[in-house]
Amino acid sequence: MSGFFYLHWAMEILELPDQGAPFELPDARLRLFKNFFDKKEAAHYYNTLLTQIPWQQDPITVFGKTYPQPRLTALHAVNGNSYSYSGILMRPHKMTPELVEIANRIASHSPVEFTTVLLNLYRNGSDSNGWHADNEKELGKNPVIASVSLGASRFFHLKHRTIKELRFKIKLESGSLLFMEGATQEKWLHQLPKTAKPIAPRINLTFRKII
C-alpha cells in the first residue's frame, strides 16, 4: 500500500503530502493542506476567535475522578443539535461570521455538509487532549473530521487501535487543514499531548456533521 510503513513502536514524524493529496494508512485516509490559510488570514481568524468565542471549561470525569478539562472549548452549529462526549453534553451557539467563512472555504474540498464545529483552545503546553476517537453516535459511521489549526504549532499523535506498532505524529502549523476520513475514527485513536516547552496558545477547529 502506497505511503504505508511500520514504525516498531516509535512515534515518528509523519510527513503528509500537501494540497490535500490523499495519504492512505491501514484503515485510514488523511488529507493535509499545509497552508490552507495564509499567515495574514490565520492571524486574523486566531485573534478574532480568541476574543469573541464564548470559551468554557467543563468538568470531566476519568476513572471516577472529576477535574477541569485541560483546555477550553466551545460548540457552534447551523442547527440546535447538541453534542456529547466523555460524559459532557454541549449545546451549540450560533455560527459566527468568521466560522461561516471558514466552513465555506472547507466546503470546496469535501462533499460533506458540515453542521457543527467543536473549538478547542490550548492556552499553553500544559493544555492537552488525551487519546480518543471522534466516534460518538451523533456522528454516524466513518465520520469525516476537518481540523483547522490556528496559532502555535503542536504535534498531533495517531495510533492504531490493534496494530500497536503503527504510531505517528504530525506537526500541525497555523493555517493548516487536516481531513481525517475513511475508518480513521473506528480504527485509530488520536491525541494532542502536553509539552514541557514554552508555547503560545493554539486554537483548533474540528468541523463535523451531526446527524
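Residues numbered from 1 in each chain as written. Predicted model: local features only at pLDDT ≥ 70, side-chain atom pairs only at ≥ 80, totals over all residues. Heavy atoms only, no water.

(A) Molecular detail of the nonpolar core. I106, L205 and F207 are the most contacted members of the largest nonpolar core, which totals 29 residues. Secondary structure elements with two or more residues in this core: helix 1 (39–52), strand 6 (72–77), helix 2 (97–107), strand 10 (116–122), strand 12 (145–151), strand 15 (177–181) and strand 17 (202–208). Among residues more than four places away in sequence, those in contact with I106 are F36, F114, A146, V148, L177, F179 and F207. Core analysis: the second largest hydrophobic core is formed by 17 residues, A28, L32, L158 and L166 among them. (Core = buried A, V, L, I, M, F, W, Y, C linked by side-chain atoms within 4.5 Å. Buried < 20%, exposed > 50% of the residue type's maximum accessible area, 1.4 Å probe, protein only. Helix = DSSP H or I, 4+ residues; strand = E, 2+ residues; numbered from the N terminus. Contact = heavy atoms within 4.5 Å.)

(B) Local environment of helix 1. Under the 1.5 Å per step criterion, the end-to-end length of helix 1 is 20 Å for 14 residues, consistent within 8% with the ideal 20 Å. Among the residues of helix 1, A42, Y45, Y46, T48 and L49 are the ones counted as buried. Lining the buried residues of helix 1 we find helix 2, strand 10, strand 12 and strand 17. Near the N-terminus of helix 1, the side chain that reaches the backbone nitrogen of K40, with its oxygen 3.1 Å away, is that of D38. (Expected span 1.5 Å × (residues − 1). Polar contact = N/O pair within 3.5 Å; in protein donor to acceptor, adjacent residues only side chain to side chain.)

(C) Up close: the packing of aromatic side chains. What the rule picks out here adds up to seven aromatic pairs. Ring geometry for F33 against F36: centres 5.7 Å apart, planes inclined by 70°, an arrangement best described as edge-to-face. One exposure class covers both F33 and F36, and it is buried. Consider the rings of F36 and F37, whose centres lie 5.0 Å apart with planes at 85°: the pair is edge-to-face. In this structure, F36 and F37 share a single accessibility class: buried. Taken together through their ring pairs, the aromatic side chains of F33, F36, F37, Y45 and F179 make up a single cluster. In this arrangement the basic side chain of K159 is found over the ring face of W131, its NZ or CZ atom lying 4.4 Å from the centre. Positioned above the aromatic ring of F155 is the side chain of K169, whose terminal nitrogen or guanidinium carbon lies 4.8 Å from the ring centre. (Phe/Tyr/Trp six-rings, centres within 6.5 Å; stacked < 30°, edge-to-face > 60°. Lys NZ or Arg CZ within 6 Å of the ring centre and 35° of its normal.)

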